[in-house]
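Listed here are the chains, written in short residue letters.
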Amino acid sequence: MKFEGTERYYLSPELGEIVNISISMEKPLLLMGEAGTGKTRLAFEIARAFGIDMEEARCKSTFKGEELCYVYDTVLRLNDSRFGSGESGRNVNDIWDYLRFGPIGRAFLAEDRRVLLLDEIDKTDSDTQDNLLDVLEDGSFTIREINHKVTARHMPIIIITSNAKRELSDPFLRRCFCHYIPFPGPEEISIIVRLHFHGIPEQLLEACLTEFYRLREQGFEKPPATAELLDWIGAVRSTGASGPGAGKAIRHIGTLLKRSQDLLKYKGVNQKSQFR
Amino acid sequence: MISFIQQLREAEIPVSVRYILEFYRGLQKGLAPDLDRLFLLARLVFIKNVEHYDAFERVFAHFFLGKGSWKMPDWEEVFAGKPFQEWLREQLENGAISAAELRTYGMEELLRRFWETLLEQRGQHDGGHTWIGTGGRSPFGHSGRAGGGMRVYGRGLHGTAQKVIDKRSYVNYSGKSPLARENVSQILASLKNLKRAGPETELDIDQTIARTAKNGGEIELVFAREFRDRLKLAVLLDNGGYSMIPYLDLVKSVFGKIRDHFKDLEYYYFHNCLYGAVYQDLPRTRAIPWEAFVGRGSDTHLIIIGDANMAPFELMASNGSLYIQGSDRRPGQEWLKELRAAFPASVWLNPIPKGRWPTESVTINQIARIFPMEDLTLAGIRNAVQILGRRR
């Protein structure tokens with residue numbers, strides 16, 4: 001198995017190699033870096049490139065880890081025991097009819113190898129991370145209610161992403177391969193834009209990128225990233241405008257800056273410059 | 001190979017036997033057929049924190065690029081080499097490994113034992129004291145040292161820094177040196193504060209069954225709130241200035257321990273005294289407005305770590321800020337009082353031992369009148385935890 005990007009996704013050679021090393025070493029790959037560097041996309045592209053299914057877990061701060069493996073639906077079972085399971089075919093005496101597997105459970109039980117994405121792991125608290133760690137390393141978890149051990153048939157390809165909102169615990173980091181994705185430079189980003197907009201005029205691309213990097217440097221709360229850039233260029237192109245507009249009057253600024261504070265700041269900065 | 005790993009350790013990169021074995025396995029699998037891939041493999045295996053990228057790159061360059069041509073690292077060399085042979089002979093002689101056992105060990109097992117011994121020894125020799133001066137390392141060239149100006153070096157009388165144009169060099173606290181005081185963690189853990197909080201989402205099965213039984217079999221669901229640790233802790237660190245440097249080792253060990261223990265833990269930085277802002281990052285470039293910081297006082301515990309040792313005018317005079325560009329017109333003391341009022345649960349930890357406070361600097365006692373102050377000893381930390389707990 002060797003991973004080499006796909007037609008809609010630019011893969012830097014370095015990152016490709018890193019993915020391949022992680023797969024051969026069977027280690028979870030933890031991707032860090034700011035939003036918009038393609039961390040999450042990478043998992044989708046790996047699944048696509050290998051033609052295998054993906055299980056995706058978008059982490060929330062309320063997660064305790066176990067629900068990613070399985071959920072035991074007590075309420076449903078109580079309900080069935082009182083009112084009968086009707087035509088659903090569930091058997092109240094059989095706990096298996098009331099167990100639902102989460103993404104990790106499904107990835108472990110699948111007949112084929114899967115990609116398992118744990119998105120934004122930093123949203124969970126450190127206890128959850130520790131729980132997940134054991135599960136992922138052993139490739140098994142236990143269903144507490146019936147003391148049944150579920151073991152992975154095929155160890156999934158595990159991709160974990162983090163926006164570094166909170167520091168991950170050291171033991172967690174120790175068990176992963178970690179890679180920090182820097183924000184792409186102008187050259188890489190031109191390749192990415194061209195992948196999405198075939199035949200974009202060179203001049204337009206250059207003008208857009210100049211404005212884009214200038215905006216990024218202004219220290220907005222949420223600096224525009226790749227996704228915003230693509231939306232913006234799409235907007236500029238679809239209206240048939242000749243250029244992106246510069247400095248004070250960037251067209252479709254709403255596609256680049258999402259936070260109202262940032263928009264105010266952008267407008268404020270430019271109003272001042274008009275008075276000068 | 002041995003010296004490569006030792007150099008990583010000397011560059012303050014934490015290395016464990018686990019990593020070494022992983023690296024070994026990676027090489028055995030042929031994952032590093034060329035220099036580029038060797039670099040990536042080694043970085044994936046050894047580096048877990050972006051802070052270490054730069055240091056790693058330098059060690060790697062020094063080790064594999066410095067000699068003109070490079071050779072594939074060869075593990076056989078490790079086995080044939082003197083350190084390994086000597087270690088093995090020693091183990092056999094003092095009976096740690098018997099000849100019979102030796103035959104049953106695979107290469108990996110032998111390597112593991114060898115490195116365990118080696119890393120332990122190194123750990124004793126240099127307990128991470130080479131870190132001073134590595135502070136300016138920063139990933140990807142976002143230099144924290146930019147900006148001109150001059151710094152007047154050397155310690156003044158009793159470590160008091162006179163008004164200088166500060167170069168804003170910073171000493172990176174976040175490195176992890178091996179910890180000497182394991183019990184600090186337990187003391188800090190006593191600060192944990194579990195409360196039922198959040199929405200009532202957890203089904204209370206016992207209660208549900210009891211109520212349902214009472215209801216004559218008519219189901220009644222009972223939900224409870226989940227247990228969650230709601231304790232928020234903010235740590236304010238004095239991270240610049242020469243007066244703190246002799247105490248950094250101490251602060252660092254506590255720092256490393258605190259990190260794992262709280263749900264919501266944030267670090268902020270200041271320099272010497274507080275004037276209207278605290279900073280989110282080590283080089284103190286991202287400021288947080290005072291109002292925003294003070295506003296969290298009601299539900300956050302605050303620990304300030306600093307030597308409280310400053311020139312008296314910094315504390316008392318209205319233009320005492322060390323930074324010339326600062327335009328703060330209130331004396332440091334006023335800011336500190338305001339901070340104290342905003343954080344009912346706050347404590348100042350001073351790395352200078354209690355006994356030396358009166359002689360070290362007059363400002364220590366002045367600040368101790370504003371904040372409850374303890375020193376950075378086990379006893380001091382225990383007291384501090386109690387002080388914080390009382391104000392819960």
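It should be emphasised that the depicted structure is a prediction, and the values quoted were computed from it without experimental measurement. (Residues numbered from 1 in each chain as written. Chains lettered and ligands numbered in written order. Predicted model: local features only at pLDDT ≥ 70, side-chain atom pairs only at ≥ 80, totals over all residues. Heavy atoms only, no water.)

Considering the overall build of chain B
To keep it simple, the criterion reads: In this text, helices come from DSSP runs of H or I with a minimum length of four residues, and strands from runs of E with a minimum of two, each type numbered from the N-terminal end. Burial here depends on accessible area, computed with a 1.4 Å probe over protein chains only, as a share of the maximum for the residue type. Under 20% is buried, over 50% is exposed, and the range in between is partly exposed. Any pair of residues with heavy atoms lying within 4.5 Å of one another is described as a contacting pair. Using a 1.4 Å probe, the Shrake-Rupley method yields the accessible areas, and only the shown protein chains count as cover for residues.
Scanning chain B from terminus to terminus reveals 17 helices and nine strands. Within chain B, buried positions represent 50% of all 392 residues. Counting only contacts in chain B whose residues sit at least 6 apart along the sequence, the fraction spanning at least 24 positions is 72%. On chain B, roughly 18,800 Å² of surface is accessible, and the fraction owed to carbon and sulfur atoms is 52%.

Points about the overall build of chain A
The secondary structure content of chain A amounts to twelve helices and nine strands. Within chain A, the fraction of its 276 residues that count as buried is 49%.

A word on the interface of chain A and chain B
Condition: Accessible area, probed at 1.4 Å, shrinks when two parts are joined; the buried area is that loss added up over both. Salt bridge criterion: a side-chain nitrogen from Lys or Arg within 4 Å of a carboxyl oxygen from Asp or Glu. Here a polar contact is taken to be a pair of N or O atoms separated by no more than 3.5 Å, where protein atoms must pair a possible hydrogen donor with a possible acceptor and residues adjacent in sequence count only if both atoms sit in side chains.
Counting from both sides, the interface comprises 35 residues of chain A and, opposite them, 31 residues of chain B. The three residues of chain A that bury the most area against chain B are Ile21, Met25 and Tyr180 of chain A, which together make up 18% of that side's buried surface. Summed over the shared surface of chain A and chain B, the number is four salt bridges. The partner of arginine 43 of chain B in a salt bridge is glutamate 14 of chain A, and the shortest N-O contact between them spans 2.6 Å. Counting across the interface, chain A meets chain B through seven residue pairs in polar contact (both at pLDDT 80 or more). For the side of chain A that touches chain B, the secondary-structure elements that each account for two or more residues are α1 (13-25), β1 (29-32), α4 (74-83), α6 (126-138), α7 (170-174) and β9 (177-180) of chain A. At seven residues, the largest contribution of residues to the side of chain A that touches chain B is made by α1 of chain A.

Focus on a nonpolar patch on the surface
The following threshold applies: For patch detection, residues must exceed 30% relative accessible area and be free of salt bridges, and they are connected within 9 Å for like charges or within 5 Å for nonpolar side chains (Val, Leu, Ile, Met, Phe, Trp, Tyr).
Residues Val75 of chain A together with Leu221 and Phe223 of chain B make up a contiguous nonpolar surface patch of about 210 Å² in total accessible area. Considering the arrangement of structural elements, one finds leucine 221 of chain B in the loop between α10 (205-214) and β2 (223-229).

Thoughts on helix α3 (residues 35-46) of chain B
We apply this condition: Expected helix span is given by 1.5 Å per residue-to-residue step, counting one fewer step than there are residues.
Taking 1.5 Å of rise per residue, the twelve residues of α3 of chain B would be expected to cover 16 Å, and the 16 Å separating its terminal C-alpha atoms lies within 8% of that figure. Burial within α3 of chain B is extensive, with ten of its twelve residues counted as buried.

As for the confidence of the model for chain B
All names here are of chain B. Inclusion rule: Known as pLDDT, the predictor's confidence for each residue is given on a scale from 0 to 100.
Considering every residue of chain B, the mean pLDDT works out to 66; 57% of them sit at 70 or more. Mean pLDDT across the elements of chain B bottoms out in helix α9 (residues 183-189) (53) and peaks in strand β8 (residues 346-350) (85). Overall, residues 123-183 carries pLDDT values under 50, and its contacts beyond four positions in sequence, including any with other chains, amount to 107 contacts. Counting interchain partners and residues more than four positions distant, the pLDDT-below-50 stretch residues 322-326 has 14 contacts. With a pTM of 0.60, the predicted complex shows an ipTM of 0.77.

Structural notes on the environment of glutamate 17 of chain A
Tracing the backbone through its elements, the reader meets glutamate 17 of chain A in helix α1. Among the polar contacts made by the side chain of glutamate 17 of chain A, one reaches the side chain of arginine 37 of chain B at a distance of 3.5 Å.

Brief notes about the packing of α1 of chain A against α3 of chain B
Formally: In this description, a line fitted to the C-alpha atoms serves as the axis of each element, helices being fitted only across the stretch in contact, and the angle between N-to-C directions of two axes falls anywhere from 0 to 180 degrees. Orientation is classified from the angle alone, with under 35 degrees giving roughly parallel, over 145 giving roughly antiparallel, 65 to 115 giving roughly perpendicular, and any other angle giving oblique. Note on convention: the crossing is left-handed when the near helix lies turned anticlockwise from the far helix by less than a right angle, right-handed when the turn is clockwise. Charged residues are taken to be Asp, Glu, Lys and Arg, nonpolar residues to be Ala, Val, Leu, Ile, Met, Phe, Trp, Tyr, Cys and Pro, and polar residues to be all remaining types, Gly included.
As a packed pair, α1 of chain A and α3 of chain B sit with axes 10 Å apart at the nearest point and diverge in direction by 60°. The angle between α1 of chain A and α3 of chain B places the two elements in the oblique class. The way α1 of chain A lies across α3 of chain B gives a crossing that is right-handed. Facing α1 of chain A, whose interface residues are Glu14, Glu17, Ile18, Ile21 and Ser22 of chain A, α3 of chain B presents Arg37, Leu40, Leu41, Arg43 and Leu44 of chain B. Split by residue class, the contact of α1 of chain A with α3 of chain B holds five nonpolar, one polar and four charged.

Overview of the packing of aromatic side chains
Residue and element names in this part refer to chain B. Worth spelling out the cut-off: When the centres of two rings from Phe, Tyr and Trp lie within 6.5 Å, Trp using its six-membered ring, the rings pair. Their planes under 30 degrees apart give stacked, over 60 give edge-to-face, and anything left gives tilted. Our definition puts a charge over a ring when NZ of Lys or CZ of Arg is within 6 Å of the ring centre and also within 35 degrees of the ring normal.
Evaluation of the coordinates by the stated rule reveals 13 aromatic pairs over all chains. Pairing phenylalanine 39 with phenylalanine 56 gives two aromatic rings, centres 5.5 Å apart and planes at 40°, and the pair type is tilted. One end of the pair, phenylalanine 39, is in helix α3; the other, phenylalanine 56, is in helix α4 (residues 53-65), and 17 residues separate them in sequence. The class of phenylalanine 56 is buried, set by a relative accessible area of 0%. The interplanar angle of 75° and the centroid separation of 6.4 Å between the aromatic rings of phenylalanine 270 and tryptophan 348 together place this pair among those described as edge-to-face. With phenylalanine 270 in strand β4 (residues 264-270) and tryptophan 348 in strand β8, this residue pair connects regions lying 78 residues apart in the sequence. Above the plane of the ring of tyrosine 19 lies lysine 48, whose end atom (NZ or CZ) is 5.1 Å from the centre.

Describing the sheet that holds β9 of chain A
Residues and elements named next belong to chain A. Quick note on the threshold: If DSSP finds at least two bridges between two strands, the strands pair.
Strand order in the open sheet made by the five strands is β2-β5-β8-β1-β9, with parallel pairing throughout. Whereas interior strands pair on both sides, the edge strands pair on one side only; in this sheet they are β2 (54-58) and β9. Shown here is a sheet whose adjacent strand axes are inclined to one another by a mean of 20°, direction ignored. Summarising the sheet, β2 and strand β5 (residues 115-119) pair through five bridges and their orientation is parallel. In the strand pairing of β5, glutamate 56 is matched with leucine 117.

Some words on the packing of helix α9 (residues 202-216) of chain A against helix α10 (residues 226-238) of chain A
Residues and elements named next belong to chain A. Between α9 and α10, the least distance of the axes is 11 Å, while the angle of their chain directions is 135°. Compared by their axis directions, α9 and α10 come out oblique. For the pair α9 and α10, the sense of crossing is right-handed. Judged by residue contacts, Leu204, Cys208, Leu209, Glu211 and Phe212 of α9 engage Leu229, Trp232, Ile233, Val236 and Arg237 from α10. A class-by-class count of the residues in the contact of α9 with α10 yields eight nonpolar, no polar and two charged.

Re the nonpolar core
The tendency in soluble globular proteins is for nonpolar side chains to be buried side by side. Threshold: Within this scheme, the nonpolar core is defined by two criteria: the residues are buried Ala, Val, Leu, Ile, Met, Phe, Trp, Tyr or Cys, and they are joined through side-chain atoms within 4.5 Å.
Among the nonpolar cores identified, the biggest contains 68 residues, and Leu42, Val115 and Ile159 of chain A together with Phe4, Phe46, Phe56 and Trp115 of chain B are the most heavily contacted of them. The leading source of residues in this core is α3 of chain B, at nine residues. In this structure valine 115 of chain A touches Ala43, Ile46, Ala47, Ile52, Asp53, Met54, Glu55, Ile157 and Ile159 of chain A, once residues within four positions along its chain are discounted.

Some remarks on the environment of valine 362 of chain B
By the secondary structure assignment, valine 362 of chain B is in helix α16 (residues 362-370). Assessed through its relative accessible area of 53%, valine 362 of chain B is described here as exposed.

Focus: the side chain of aspartate 119 of chain A
Residues and elements named next belong to chain A. For aspartate 119, the location among the structural elements is in strand β5. There is a polar contact of 2.5 Å between the side chain of aspartate 119 and the side chain of threonine 161. Residues within four places of aspartate 119 in sequence aside, it is in contact with Thr40, Ala57, Arg58, Cys59 and Thr161.

Focus on the pattern of salt bridges
Going through the model one piece at a time under the given rule, you end up with 22 salt bridges over all chains. With a shortest N-O distance of 2.8 Å, arginine 144 of chain A and glutamate 66 of chain A are connected by a salt bridge. With arginine 144 of chain A in the loop between β6 (140-143) and β7 (148-151) and glutamate 66 of chain A in helix α3 (residues 66-69), this pair connects stretches of sequence that are 78 residues apart. Using a relative accessible area of 57% as the deciding quantity, one classes arginine 144 of chain A as exposed. Residue arginine 114 of chain A is joined to aspartate 112 of chain A by a salt bridge in which the shortest nitrogen-to-oxygen separation is 3.5 Å. The partly exposed category is assigned to aspartate 112 of chain A, whose relative accessible area is 33%. Bridged by salt links that share partners, the residues Lys27, Asp134, Glu137 and Arg175 of chain A together with Arg18 and Glu22 of chain B form one connected network.

Brief notes about the pairing of strand β8 (residues 157-162) of chain A
All names here are of chain A. Among the six residues in β8, six count as buried, and that is most of the element. Burial along β8 is two-sided: Ile157, Ile159 and Thr161 and Ile158, Ile160 and Ser162, pointing in opposite directions, are all buried. Looking at chain direction, β1 and β8 are connected through four bridges and run parallel. Counted as the bridge partner of leucine 31 is threonine 161 from β8. Pairing analysis gives four bridges linking β5 to β8, with the strands arranged parallel.

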